[in-house]
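Understanding the architecture of this molecule
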Amino acid sequence: MTSRFQTIYQLQTIRLFVFCLLLLFISSSAFGQTEIAGVVSDAETGETLPSATILLEDSYRGTVTNTEGYFSFSVDKLPATLLIRYIGYDSQQAEITSETDFPLKIELSLSVTEMDEIEVTDRDPGLSIMERVIARKILWRETFETYKVNAYTRQSLSNDTSIVSISESSSVAFWDHERGHREVQLSRRQTSNLSDDQNFAGVRYQPNFYDDNIEIAGYSMVGITHPNALRYYHFRLLETEQMDGVPVYKIEVLPRRDRQPLFSGTAWVLGREYALLEVDLKPNDVVNFPPPVQDFDLSYKQQFSNYGGEYWLPVDMRVEGLIRIGIVGLQFPSINFRQVSRLTDYEINVELPDSVYQRSDWFARADSATVEDHRDKMEPIPLTLEEVAAYETIDSTKTLQDAFRPEGFLAKMAEASEGRERRGLFGTGRLLPKGFSIRGRFNRMDGFHLGLNYNRRLFDGNLLVKGFSGYSFHSGLWDYGGSANQRLFDIGNSPVHAFAGYENTTVPRYYSQNYTIAMNSFVTLLGGDDYFDYYRNERIHTGFEIRRILPGITIRATGQRELHQSFEAGSVSDYSLFNWHDPRRHNPQINEGTLRSVNLEVGYNIVDNDFGFAGKRQVKAAAELSSSSIGSDFDFTRLSVQLDWNFNTFYSRRLFANTLDLHFSAGNSFGDLPLQRFGTVDGSMNRFTPFGTLKTRNGVPYEGNRYWLAAAEHNFRTIPFELLGLRSLVERGWGIIIFGGAGYTEANGIYPEDLMISGGIHSEIGLSLNSLFGIVRIDFAKRLDAPGMFIGFSVPRYF
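Since the model is a prediction, treat every value here as computed from it, not as a measurement. (Residues numbered from 1 in each chain as written. Predicted model: local features only at pLDDT ≥ 70, side-chain atom pairs only at ≥ 80, totals over all residues. Heavy atoms only, no water.)

**Some remarks on the confidence of the model for the protein**
The condition is simple: Per-residue confidence from the predictor is reported as pLDDT, a score between 0 and 100. Note on definitions: a residue-residue contact is assigned when non-hydrogen atoms from the two residues lie within 4.5 Å.
In the predicted model, the protein carries a mean pLDDT of 88, and 91% of its residues have values of at least 70. Predicted confidence for residues 1-31 stays below pLDDT 50, and this span has 39 contacts to residues more than four positions away or in other chains. Counted against residues more than four places away or in other chains, residues 423-429, with its pLDDT under 50, gives five contacts.

Spelled out as structure tokens, the structure:
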């Protein structure tokens, strides 16, 4: 025996001894069942064979060996016959009786390949072989309706040095060719740093590589047995092996298309049956994520068996993945993911319980009684030595947060900030009582404003109470107010809220769909133009809101009384932090008086403004009526509408498909609309140009009592750079966006001479470099109706 074989023999003896101990402590036998355990190895070298398949004859029951060649599972009765299979080796049967000693030592011999030479033609034989696989699959899939299967899953997370968590589960999985997958977790076990609620181990997202379309990380992938697979893949025969006298074809899988999410790797096909025996596949480079993801890698291995029947079914799934996340100054350790799953005890074409499909969730946990009943019935794939050590050494103090703690100067700043927050001012703990927060802003009329906000939910969250107060150091005025929002009752799934409030504060004269007071404060303080005009408003309001009265629909009705007052002329603050500003423009006087009105707002799928970070599908419509008949100094009706919609266009199989985003907003009024109720078309705020603005309109917005804005942009993502072969830019996530927009405002009646109206239709087109360094988008715009070029920036569009 050579020294290499002696070393292997000694190592296997040690592992076998440890495995026997594991069987005593972590493997349990249910009443009336026999636990079968063993190791599968190469008969000549003694090397163990990972992921060998062990099948129980005349059943849909089986398991696979772990990465060290060991297996265990239970059988209901003896005698029993096992079939042990490994590609490239002759299969072996093992007769199990009450006299059999465990653990079994299964030694497989290499198959002797004596195959006819393959005739070389212009067409690779791999194509013909896969054509037969696809044709056979189409035939047997016609009668394949449902299955129910028992599953075991183990997931582990590792950083750059060691395993940091393990979670295991046993579950029952269901599949219906029309209704899809469902899974019920029956029992679970995990390392001490995870709770039961954090254990999501299961097979619900496990791909079946016999499917036509396969979802991987949000990408819709064309499977290698899709009816049109030959349009998407090159199949090349690498070699012909043998198993039990039957040829096994080893076929290389290569993508035929460069910009479609596809697989590459190897497939093994059983001759005569023309069925997949095993696949070892990875998604191609199209499957990636933009910064801050720096590296993303996945690989899948899966074996199949027909268990002596008609249908070829998954036996297991082995997944390995890696992701690296980081930006300048913030680098996380590598996150390594590993999953092994075993599927056994298939029940084919059975009636599935409707109860599991009544929930929209794919995954559910059994009730506590069922979990307790199955707690000791989990039949795991044997743990590796590293996993055993992890269970013994990982305790509740070794959190995932600590295991994946980032490094870099930004991480140190964040840790220092957390420390200050815990210590508070001068180490005294939290500075403010619960519910209070700092209130601040800066504008050219109030100067610095500083105060407190109060925000608290009471009575199980059904009552929301807010309050605020603050002082403006330039104007010398106080802001103060409060409100309450009470959940009254539900109409079906629709909660009904009532609200009321009072406030006396400085408010912007016009509303912006894109910019906040906080953003404007920052820009103005640094010396930029103050985007808004202001007036004082003492307001009392009350109303009600019905949420989700229809899917996504919210209705809100408000009655209000407002007392409007102008700031004194010439009271503008001429200050900025570094004195970089131009002379501040004056603040127009408003139409003073008492405004009483009724508002009605209807919204669909309303989301917070994210400055164009993601596409939206929302609709908003509003109407306001003010009349002297209800004691108002103003008579008008104001209508407005806003639509934002996002469409996938090209490369829809990608997680981030090419998208078209549309925006339309418009408003009209009847009667004498006061200046402080005019509508606006947003321009850029000191070169900040989010979607939904006219980028070449720099400074204050267009205003009018009638207005409209239409904008569109198409996000080609990285496709242009892929076509140009600029791989370095693709890997950085840089993309191309083309955009265009047009807007119009008009004003009737008496209004200030310097009121900014469009004077016709303002139109523009442009191009953007998206996601530069993962944090910024650069816009290049050309005005069409008049001379003008513009360069601006905004947040990158990711979704």
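**Quick notes on the sheet that holds strand 5 (residues 80-85)**
Hydrogen bonds along the backbone pair up the strands of a sheet, which may run parallel or antiparallel. How we decide: Pairing between strands requires that DSSP locate at least two bridges from one strand to the other. By the criteria applied, helices consist of DSSP H or I runs no shorter than four residues and strands consist of E runs no shorter than two, each listed in order from the N terminus. Axis geometry follows a simple rule: fit a line to the C-alpha atoms, using only the stretch in contact for helices, then measure angles between N-to-C directions, giving values from 0 to 180 degrees.
Strands sit in the order 3-2-5-6 across an open sheet of four strands; the sheet is antiparallel. For this open sheet the edge positions go to strand 3 (62-64) and strand 6 (92-96), each flanked by a neighbour on one side alone. Here the average twist between neighbouring strands, direction ignored, is 20°. Note: strand 2 (residues 53-56) against strand 5, four bridges, orientation antiparallel. The partner of Leu55 across the bridge, within strand 5, is Leu83.

**So, the environment of Lys301**
Put simply, the test is: Only protein chains enter the calculation, and the probe is 1.4 Å; a residue is then buried if its accessible area is under 20% of its type maximum, exposed if over 50%, and partly exposed in between.
Mapped onto the elements of the fold, Lys301 is located in strand 17 (residues 293-305). With relative accessibility at 35%, the residue Lys301 sits in the partly exposed group. In the structure, Lys301 is positioned 93 residues away from Ile394 in sequence and 28 Å away in space, judged by C-alpha atoms.

**Examining the nonpolar core**
Note the threshold: To qualify as a nonpolar core, a set must consist of buried Ala, Val, Leu, Ile, Met, Phe, Trp, Tyr and Cys residues joined through side-chain atoms within 4.5 Å.
Core analysis: the largest hydrophobic core is formed by 66 residues, its most contacted members being Phe209, Ile224, Tyr233, Phe235, Val269 and Leu276. Among residues more than four places away in sequence, those in contact with Tyr233 are Val222, Gly223, Ile224, Val253, Leu254, Pro255, Arg256, Leu262 and Phe263. Ile36, Phe71, Val75 and Ile106 belong to the second-largest nonpolar core, a separate cluster that totals 18 residues.

**Quick notes on the pairing of strand 30 (residues 593-604)**
With twelve bridges joining them, strand 29 (residues 553-565) and strand 30 adopt antiparallel strand pairing. Following the sheet pairing, Arg561 is matched in strand 30 by Arg596. Pairing of strand 30 with strand 31 (residues 618-626) involves eight bridges; the strand directions are antiparallel. Note that in strand 31 the partner of Asn599 across the bridge is Glu624.

**A closer look at helix 2 (residues 125-141)**
What counts is decided by this rule: By this rule, a helix spans an expected 1.5 Å times one less than how many residues it contains. Arc definition: it is the arc formed by the directions from the helix axis to the C-beta atoms.
For helix 2, with 17 residues, the first-to-last C-alpha span of 24 Å sits near the 24 Å given by 1.5 Å per residue. Among all positions in helix 2, only Gly126, Leu127, Ile129, Met130, Val133, Ile134, Lys137 and Trp140 are buried. Along helix 2, the residues classed as buried sweep out an arc of 160° about the axis, all on the same side. The secondary structure elements touched by the buried residues of helix 2 are helix 3 (229-232), strand 13 (233-243), strand 14 (246-255), strand 15 (263-270) and strand 16 (275-283).

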